[in-house]
Amino acid sequence: MNTRCYVALLRGINVGRAKRIAMADLRKVIADLGFSEVRTLLNSGNAVFMGPKATHKEVRRAIEEALVMKLGVPSRVTVLDSEELAQVVAENPLHEVEEPTRLLVFFLTRPRDRALLEPLPGNDWGEEALALGKRAAYVWCPNGILQSRAAGAVGTGLGDATTSRNWSTVVKLHALCDTVKAAAAKSAA
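Summarised in this report is the structure supplied together with it. (Residues numbered from 1 in each chain as written. Predicted model: local features only at pLDDT ≥ 70, side-chain atom pairs only at ≥ 80, totals over all residues. Heavy atoms only, no water.)

1. Notes on the overall build of the protein chain
For step 1, the next point in the chain: Helix and strand counts for the protein chain come out as 6 helices and 8 strands.
For step 2, the next point in the chain: Along the protein chain, from the amino end to the carboxyl end, the secondary structure elements read β-α-β-β-α-β-α-β-α-β-β-α-β-α.
For step 3, the next point in the chain: In terms of overall dimensions, the protein chain is globule-like: its C-alpha atoms have a radius of gyration of 16 Å, near the 16 Å expected for 189 residues.
For step 4, the next point in the chain: Viewed in the frame of its principal axes, the protein chain has a C-alpha envelope of about 50 × 35 × 30 Å.
For step 5, the next point in the chain: Split into buried and exposed, the 189 residues of the protein chain put 47% on the buried side.
For step 6, the next point in the chain: For the protein chain, the proportion of contacts with a sequence separation of at least 24, taken over those separated by at least 6, is 70%.
For step 7, the next point in the chain: Surface accessibility of the protein chain: about 9500 Å² in total, with carbon and sulfur atoms responsible for 53%.
For step 8, the next point in the chain: A gap of 7 Å separates the mean positions of the 25 positive and 20 negative side-chain charges of the protein chain. (Helix = DSSP H or I, 4+ residues; strand = E, 2+ residues; numbered from the N terminus. Rg over C-alpha atoms; globule rule 2.2 N^0.38 Å. Buried < 20%, exposed > 50% of the residue type's maximum accessible area, 1.4 Å probe, protein only. Contact = heavy atoms within 4.5 Å. Areas by Shrake-Rupley, 256 points an atom, 1.4 Å probe, with all protein chains shown as cover. Lys, Arg positive; Asp, Glu negative; His and termini not counted. Charge placed at Lys NZ, Arg CZ, Asp CG, Glu CD.)

Below is the structure:
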């Protein structure tokens, strides 16, 4: 099969008053690039879609350029394929937390990003926890995300080279990948 299921995570979309994008507009922008079965999740710049096999860099650049040209909104985009997202889900050593909205997943976009974070899991984070996977850093923030020293350390270490989602959103995106792939298979039949 020459198609792939992609996940695009836009950084900083619909947070406060800056970078406002309607999800219908985001779906149209991605569909106009030639992708199909475009679905969005929540109102924070999460999209799942099918498209021809390409490098993540090519997909990322196309979406970033289209966002600026069509919507006038710059945003860094992290692109994974559905298999990579499945790996992020499978690798999570902290998945059994009581409140999944307080478990953040920071997506690592470059190979060197993991090396920047390797010293952090050994720190004493008190009630918090920090673990690394191949493509993600997992941060448990029991006292809230804004108060989390561990989340702050990951954010400082990676700067704008990352975007994060809570565990509930990651699991929903993973399920949405199956829905999109099934819809694509049905369309192809």
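2. Side note on the packing of helix α3 (residues 82-91) against helix α6 (residues 167-188)
For step 1, the next point in the chain: Between α3 and α6, the least distance of the axes is 10 Å, while the angle of their chain directions is 145 degrees. Two packed elements cross with a definite hand, and for α3 against α6 that hand is left-handed. From α3, S82, L85, A86, V88 and V89 reach across to α6, where they touch W167, V170, L173, H174, C177 and K181.
For step 2, the next point in the chain: Classifying every residue of the contact of α3 with α6 by side-chain character gives 8 nonpolar, 2 polar and 1 charged. (Axes fitted to C-alpha atoms, helices over the stretch in contact; angles between N-to-C directions. Left-handed = near helix turned anticlockwise from the far one by under 90°. Nonpolar A, V, L, I, M, F, W, Y, C, P; charged D, E, K, R; others polar.)

3. Some words on the pattern of salt bridges
For step 1, the next point in the chain: For the structure on display, the rule yields 7 salt bridges.
For step 2, the next point in the chain: Its salt-bridge partner being D113, residue R110 comes within 2.9 Å of it at the nearest N-O pair.
For step 3, the next point in the chain: Classification of D113 as buried rests on a relative accessible area of 0%.
For step 4, the next point in the chain: R114 is the partner of E118 in a salt bridge, and the nearest nitrogen-oxygen pair spans 2.9 Å.
For step 5, the next point in the chain: Here E118 falls in the partly exposed class, since its relative accessible area comes to 44%.
For step 6, the next point in the chain: By relative accessible area, which is 27% here, R114 ends up partly exposed. (Salt bridge = Lys/Arg side-chain N within 4 Å of Asp/Glu carboxyl O.)

4. Quick word on the pairing of strand β6 (residues 129-132)
For step 1, the next point in the chain: Where β6 and strand β7 (residues 136-140) come together, 4 bridges link them in antiparallel fashion. Looking at β7, one finds that A129 is bridged to W140.
For step 2, the next point in the chain: Following β6, the chain reverses through 3 residues before pairing antiparallel with β7. (Pairing = 2+ DSSP bridges.)

5. What to know about helix α1 (residues 23-32)
For step 1, the next point in the chain: Residues M23, L26, V29 and I30 constitute the buried set of α1. In an axial view of α1, the angular spread of the buried residues amounts to 115 degrees, which keeps them on one side of the axis.
For step 2, the next point in the chain: Residues of α1 that are buried sit in contact with β1 (3-10), β2 (36-41), β3 (46-52) and α2 (56-71). (Arc of directions from axis to C-beta.)

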